[in-house]
Amino acid sequence: MIERVKTGIPGLDEITNGGFVKGTNVLVTGAAGTGKTIFCMQFLYYGASEYDEPGVFVTLEERPNDLRREARQFGWDIEKMEREGKLIIIDAASSRAGLPTSEPYTLRRGFDISTLAQEIYKATKEINAERVVIDSLSSLGIRFESLTAIRTAIFKIASLLNDLNTTSLLTSEITSKHEFSRFGVEEFIAQGIIILYLNEERGELKRSLVVRKLRFSKHSLKVMPFEIGDNGIIILPSGGI
């Protein structure tokens, strides 16, 4: 029997046949502003607070305090989860940008993919994390000069997550409707792909998503509207409201 992981996103479990398959990597991709970070944060927060599944959030773009501030607007007490040892934020954004940080989990020797992998491994084992988020793989493009080096780094991270057997979300930013990822490799290291859209309809921006791929699982192929409300993301009926 396939074991499922509840997503914590209302409406998503219904279109993924009960949630994500435990131990798989899912790529959450979309253009800037589509809600990728919120999507991942919601998955991690509800895993820690409601389902007793500790999580690790690896941030390569936003500083941890910005994430905590963003979470508070949805009523998600990230700090409480951190104090209780149910959630760890790894600050890879500061070292990637060459900035100082007082965060307990960071890359103190500077940004290096091996060091990042070691930090993820250490944090995951420390709290027996069952969920991991890496936001965003696109940021690796700023750190590495060649496409080959970027792809090698992505494969290394994916291999680590597979070894840890965590249920993981990895984000990637796209600039075209016809692509799934920034570097053309992320979709091949993931067992699932969820694409988020932000399109103009009759002079108004509308959000939607589609589960493009979910290995080992039946899932809806419909483009589903969603909203970001006071409590986070909620998937709407296909007809919207």
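For the structure itself, look to the data block above.
**Student:** Sorry if this is basic, but what is going on with the overall build of the protein here?
**Tutor:** Helix and strand content of the protein: eight helices and eleven strands. C-alpha extents for the protein along the principal axes are approximately 50 × 40 × 40 Å. The buried share among the 241 residues of the protein stands at 54%. For the protein, contacts bridging at least 24 residues in sequence account for 65% of all contacts bridging at least 6. Taken as a whole, the protein presents about 11200 Å² of accessible surface, with 48% of it coming from carbon and sulfur.

**Student:** In this structure, what is going on with the packing of aromatic side chains? I would like to understand it.
**Tutor:** Aromatic ring pairs: the centre-centre distance and the angle between the two ring planes describe each pair. Within this structure, the stated rule accounts for five aromatic pairs. Each ring, one from Y46 and one from W76, has its centre 6.3 Å from the other, and the planes form 80 degrees; the classification is edge-to-face. Of this pair, Y46 sits in helix α2 (residues 36-49) while W76 sits in the loop between α3 (64-72) and α4 (78-83); the two residues are 30 residues apart in sequence, bridging distant segments of the chain. Through successive ring pairs, a cluster of aromatic residues spans Y45, Y46, F74 and W76. Sitting above the plane of the F43 ring, R131 keeps its charged end 4.4 Å from the centroid.

**Student:** Would you explain the sheet that holds strand β7 (residues 167-173) in this entry?
**Tutor:** Sheet strands pair via backbone hydrogen bonds, and the direction of the pair is either parallel or antiparallel. Strand order in the open sheet formed by nine strands is β5-β4-β6-β7-β3-β8-β9-β10-β11, with mixed pairing between adjacent strands. Of all strands in the sheet, those bounded by a partner on one side alone are β5 (87-91) and β11 (232-235). When the angles between neighbouring strand axes are averaged without regard to direction, this sheet yields 25 degrees.

**Student:** Would you take a moment to explain α3 for this structure?
**Tutor:** The periodicity of an α-helix, 3.6 residues per turn, causes residues three or four positions apart to be oriented the same way. Looking only at α3, the buried set comprises P64, L67, R68, E70 and A71. Take α3 and look down its axis: the buried residues cluster within an arc of 160 degrees, on one side only. Buried residues along α3 sit in contact with α2, β4 (55-59), α4 and β5.

**Student:** I'm lost on the pairing of strand β10 (residues 224-229) in this one. Help?
**Tutor:** Successive residues of a regular strand alternate their side chains across the two faces of the sheet. With two bridges connecting them, strand β9 (residues 204-214) and β10 associate as antiparallel partners. Across the sheet, residue L209 finds its bridge partner in β10, namely M224. Both β10 and β11 contribute to a ladder of four bridges, which runs antiparallel. From the neighbouring strand, E227 faces β11, where its bridge partner is I234. Connecting β10 to the antiparallel partner β11 that follows it, the hairpin turn spans two residues.

**Student:** Even after reading the chapter, I still don't get unusual backbone geometry, so can you show me in this structure?
**Tutor:** A negative phi angle characterises most non-glycine residues, just as the trans form characterises most peptide bonds. Between D135 and the following residue, S136, the backbone shows a cis peptide bond with an omega angle of 10 degrees. Note on placement: S136 falls in the loop between β6 (131-135) and α7 (140-143). One non-glycine residue, N17, lies in the positive phi region at around 60 degrees. Inspection of the secondary structure puts N17 in the loop between α1 (12-15) and β2 (20-21). Residue classification places N17 among the partly exposed positions, given a relative accessible area of 44%. Positive phi outside glycine occurs at N128, with the angle close to 50 degrees. Here N128 is to be found in the loop between α6 (113-126) and β6. Its relative accessible area of 59% is what places N128 among the exposed residues.

**Student:** What's the story with the pattern of salt bridges in this structure? I'm lost.
**Tutor:** Pairing of side chains with opposite charge becomes possible as their charged atoms draw close. The full count for this structure, using the stated rule, is ten salt bridges. A salt bridge links R68 to E82; the nearest nitrogen and oxygen atoms lie 2.8 Å apart. Here R68, found in helix α3, pairs with E82, found in helix α4; they are 14 residues apart in sequence, far enough to count as distant. K80 is the salt-bridge partner of E84, the closest N and O atoms lying 2.8 Å from each other. Look at E84 and you get partly exposed, because its relative accessible area is 39%. A network of salt bridges, in which partner residues are shared, links R68, E82 and E103.

Cut-offs and rules
- Residues numbered from 1 in each chain as written.
- Predicted model: local features only at pLDDT ≥ 70, side-chain atom pairs only at ≥ 80, totals over all residues.
- Heavy atoms only, no water.
- Helix = DSSP H or I, 4+ residues; strand = E, 2+ residues; numbered from the N terminus.
- Buried < 20%, exposed > 50% of the residue type's maximum accessible area, 1.4 Å probe, protein only.
- Contact = heavy atoms within 4.5 Å.
- Areas by Shrake-Rupley, 256 points an atom, 1.4 Å probe, with all protein chains shown as cover.
- Phe/Tyr/Trp six-rings, centres within 6.5 Å; stacked < 30°, edge-to-face > 60°.
- Lys NZ or Arg CZ within 6 Å of the ring centre and 35° of its normal.
- Pairing = 2+ DSSP bridges.
- Axes fitted to C-alpha atoms, helices over the stretch in contact; angles between N-to-C directions.
- Arc of directions from axis to C-beta.
- Salt bridge = Lys/Arg side-chain N within 4 Å of Asp/Glu carboxyl O.

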